[in-house]
Amino acid sequence: MKIYDVLMNTPLGKRKGELKAKIENGKLIGFLSLFGHTEPIEGTVDENGNCFLRGKFITLMQSVDFTADGTIDFDALRLAVKGDCGYYEIMGQRRRQGENDIK
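Below, the structure is looked at part by part. Remember, predicted model here, so these are calculated numbers, not experimental data. (Residues numbered from 1 in each chain as written. Predicted model: local features only at pLDDT ≥ 70, side-chain atom pairs only at ≥ 80, totals over all residues. Heavy atoms only, no water.)

### Topic: the overall build of the protein chain
Each helix and strand counted, the protein chain has 0 helices and 8 strands in total. Each helix and strand of the protein chain, ordered N terminal to C terminal, gives the series β-β-β-β-β-β-β-β. Computed over its C-alpha atoms, the radius of gyration of the protein chain comes to 13 Å, within 12% of the 13 Å expected for a compact globule of 103 residues. Principal axes of the C-alpha set define a box for the protein chain whose edges measure 35 × 30 × 20 Å. Classification of the 103 residues of the protein chain by burial places 34% in the buried group. Residue pairs in contact within the protein chain that sit at least 24 positions apart in sequence constitute 27% of those at least 6 positions apart. For the protein chain, the exposed area adds up to about 6,500 Å²; of that, 51% sits on carbon and sulfur atoms. (Helix = DSSP H or I, 4+ residues; strand = E, 2+ residues; numbered from the N terminus. Rg over C-alpha atoms; globule rule 2.2 N^0.38 Å. Buried < 20%, exposed > 50% of the residue type's maximum accessible area, 1.4 Å probe, protein only. Contact = heavy atoms within 4.5 Å. Areas by Shrake-Rupley, 256 points an atom, 1.4 Å probe, with all protein chains shown as cover.)

Pasting the structure below:
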């Protein structure tokens, strides 16, 4: 499973998190950790790294179902996230083996 350290741009500033992804036969399954919660995600990835994901994240105020499209590869990811409460961008870098978890 690949682990990416991510930043999500929100109206209240950048939020740190992590995305864990297993990509196999064009399918992605994993977990997105944001706002102190970890939720499952799933989607598809083509041979060029273009992806479509769906899942949810939980904030202090609400649970938000989302879809996201973008790119994911060995080193980085970039996602455009669309949910009930707007549009957000998530960018991330793959965590190198032995690096500490996000605090």
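Resuming the write-up.
### Side note on the nonpolar core
Grouped together as the largest cluster of nonpolar side chains are 22 residues, with contacts concentrated most on Leu19, Leu32, Ile72, Leu77, Leu79, Val81 and Ile90. At the level of elements, strand E1 (2-10), strand E2 (13-24), strand E3 (27-34), strand E4 (37-45), strand E5 (50-58), strand E6 (63-72), strand E7 (76-83) and strand E8 (86-94) are the ones that each hand at least two residues to this core. With 4 residues, E6 is the single largest residue contributor to this core. For Val81, the contacting residues outside a window of four places in its chain are Phe57, Phe66, Thr67, Ala68, Gly86, Tyr87, Tyr88 and Ile90. (Core = buried A, V, L, I, M, F, W, Y, C linked by side-chain atoms within 4.5 Å.)

### Regarding the pattern of salt bridges
Across all of its chains, the model carries 7 salt bridges by this definition. For Glu18, the salt bridge is made with Arg95, and the minimal N-O distance between the two is 2.7 Å. With Glu18 in strand E2 and Arg95 in the segment after E8, the pair connects residues that are 77 residues apart, well separated along the chain. Relative accessible area serves as the criterion here: at 13%, Glu18 is assigned to the buried category. (Salt bridge = Lys/Arg side-chain N within 4 Å of Asp/Glu carboxyl O.)

### Considering the sheet that holds E8
A barrel is described by the order of its strands in space; here 8 strands give the closed sequence E1-E2-E3-E4-E5-E6-E7-E8, paired in antiparallel fashion. Geometrically, the sheet is characterised by an average inter-axis angle of 25 degrees between neighbouring strands, direction not taken into account. Sheet analysis places E2 next to E3, joined by 7 bridges and oriented antiparallel. What sits directly across from Glu18, in E3, is Ser33. (Pairing = 2+ DSSP bridges. Axes fitted to C-alpha atoms, helices over the stretch in contact; angles between N-to-C directions.)

### Regarding the pairing of E5
Regular strands have side chains that alternate between both faces of the sheet. Sheet topology places E4 next to E5; 5 bridges connect them, and they run antiparallel. Within the sheet, the bridge partner assigned to Glu42 lies in E5 and is Arg54. A loop of 4 residues connects E4 with E5, the two strands running antiparallel in sequence, and Gly49 in this loop sits at a positive phi of about 90 degrees. Pairing geometry for E5 and E6, over 9 bridges, is antiparallel. In the strand pairing of E6, Phe57 is matched with Val64. Between E5 and E6, which pair antiparallel one after the other, the connecting turn spans 4 residues.

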